[in-house]
Amino acid sequence: MTTAADRSRRPRRPVWAGRNYSLLTAAAFLTNGGSQAALISSAFAVLEAGGDSGDVGLVAAARTLPLVLFLLIGGAVADRLPRHRVMVAANALNCVSQGVFAVLVLAGEPRLWQMMLLTALGGTGQAFFSPAAEGMLLSSVHGEQAGRAFAVFRMAMQGAALGGAALGGALVAAVGPGWVLAADAAAFAVAGALRSFLDVSHIPPRAPGAGLLADLREGWREFAGRPWLWGIVTQFAVANAVIGAADAVYGPLVARDHLGGAGPWGLALAFFGAGTVGGALLMTRWKPRRLLLAGTLCVFPMALPAAALAVPAPVGVLCAVMFTAGATVEVFGVSWMTALHQEIPEEKLSRVSAYDWFGSVALLPVATSLAGPAESAFGRTAALWGCATLVVVVTAAVLCVPDVRRLRRRTTTVVQGAAGSADAESPVGGLG
């Protein structure tokens, strides 16, 4: 018979959900919800200040340009310094930049250069935060339940995006973008406080290195030695660029001209978030044996939102398409994190993550800054169809990489140096 004392001794959370994991999940929930709302509010802040599609693209590019410039340095720094300190410092910078942006919007019409400068500061913070955060999360989960842990983390993060998108669109319409930006600044402040309590005692002390450039070269060798890694990062360099242009520039414009404004666009983004929650929930149960093959096949539906905006489809159809895209891309996201966790050495996680992030966002500034001129030259509809086509083409191309089709899930993680290609039954890169 189970006694009250026995019940009190039972863990209140799964064994893989330790203290660091719980703090990281709670902090990511806060910042992802706020950032999703801020994505909508910043675009409409530019439009309400008299800007056009080109100005929206320039502000979006101002955030991604420093992200590209500083990501590799951020990854090397995160593998040298305690990762939680890098994360807290980055959150502080994001808090200040978003707070000042909010004040300018609430005080009157902000100037374009001011909005670009503040979003650039936010992008700089993100460049140092992202490799440190990914390395911290990957090092906080162990064992064969890693895939489930990543799925639950992403489900919490995408659930926050769901709420943030819905609330963001509604609040922009109700109280204006300034207050939404202020809420995002507050979310960064609270998340930074939570991350300051992370425990890094389980991470072995770093041996003195030969310098920042040597660390970057070592990270590059880890990255370039795995065809599945650089192949998929190359794929997402293109896919993220065109999807980012469609979401950040064309989406708000289509919403303004055909869907009724910020509210319907926020609702569509919320359905994307709901889809990602559903996809993450699926991945808590489903463990595809061929991780990257299953994940990559699920990237094809990411072309559907751009196609729906090109039509343009009614709000209901757009929401259904966004839900489908969110669910399928989350299968890729969890599979990708699991592959990195089982294949990359812990002491190199942040540097490899930095190369991953760098490739994934490298073309975003170009795509978002050219979105306005592309609309002028070819028309919005043709530009959106071009975005959808490029997603399909690059996703089909990466399936030609043998290691993408062959990487298999392992129940134990044994990480060594990179070696040659895998055969049909062994892990990619000769690991384990």
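These lines cover the structure that appears in this document, whether it is placed above or below.

The rules behind these values
Residues numbered from 1 in each chain as written. Predicted model: local features only at pLDDT ≥ 70, side-chain atom pairs only at ≥ 80, totals over all residues. Heavy atoms only, no water. Axes fitted to C-alpha atoms, helices over the stretch in contact; angles between N-to-C directions. Helix = DSSP H or I, 4+ residues; strand = E, 2+ residues; numbered from the N terminus. Parallel < 35°, antiparallel > 145°, perpendicular 65-115°, else oblique. Contact = heavy atoms within 4.5 Å. Nonpolar A, V, L, I, M, F, W, Y, C, P; charged D, E, K, R; others polar. Core = buried A, V, L, I, M, F, W, Y, C linked by side-chain atoms within 4.5 Å. Buried < 20%, exposed > 50% of the residue type's maximum accessible area, 1.4 Å probe, protein only. Expected span 1.5 Å × (residues − 1). Phe/Tyr/Trp six-rings, centres within 6.5 Å; stacked < 30°, edge-to-face > 60°.

**Digging into the packing of helix H8 (residues 212-224) against helix H14 (residues 349-361)**
- Here H8 crosses H14 at 70°, and the two axes come no closer than 9 Å. Taken as axis vectors, H8 and H14 run roughly perpendicular relative to one another. Contact residues: Asp215, Leu216, Glu218, Gly219, Trp220, Glu222 and Phe223 in H8; Arg351, Val352 and Tyr355 in H14.
- Here the residues of the contact of H8 with H14 sort into five nonpolar, one polar and four charged.

**Side note on the nonpolar core**
- Core analysis: the largest hydrophobic core is formed by 106 residues, its most contacted members being Trp228 and Trp336.
- Among the elements that line this core, the one with the most residues is helix H9 (residues 227-259), at 18 residues.
- Among the nonpolar cores identified, the runner-up in size contains six residues, and Leu67, Val68, Ala127 and Val361 belong to it.

**Topic: helix H4 (residues 83-107)**
- Between its first and last C-alpha, H4 extends 36 Å over 25 residues, near the 36 Å set by a 1.5 Å rise per residue.
- Backbone geometry just after H4 places Gly108 at a positive phi near 160°.

**Thoughts on unusual backbone geometry**
- Here the bond from Val311 into Pro312 is cis, since omega is -15°, no more than 30 degrees from zero.
- Within the secondary structure layout, Pro312 lies in the loop between helix H12 (304-310) and helix H13 (315-343).

**Observations concerning the packing of aromatic side chains**
- One pass over the structure, following the stated rule, counts seven aromatic pairs.
- Seen from their ring centres, Trp228 and Trp336 are 5.7 Å apart, and the 75° between their planes marks the pair as edge-to-face. Residue Trp228 is located in helix H9, and its partner Trp336 is located in helix H13; the two are separated by 108 residues in the primary sequence.
- Relative accessible area serves as the criterion here: at 0%, Trp228 is assigned to the buried category.
- A connected cluster of aromatic rings, assembled from ring pairs, spans Trp228, Phe236, Phe332 and Trp336.

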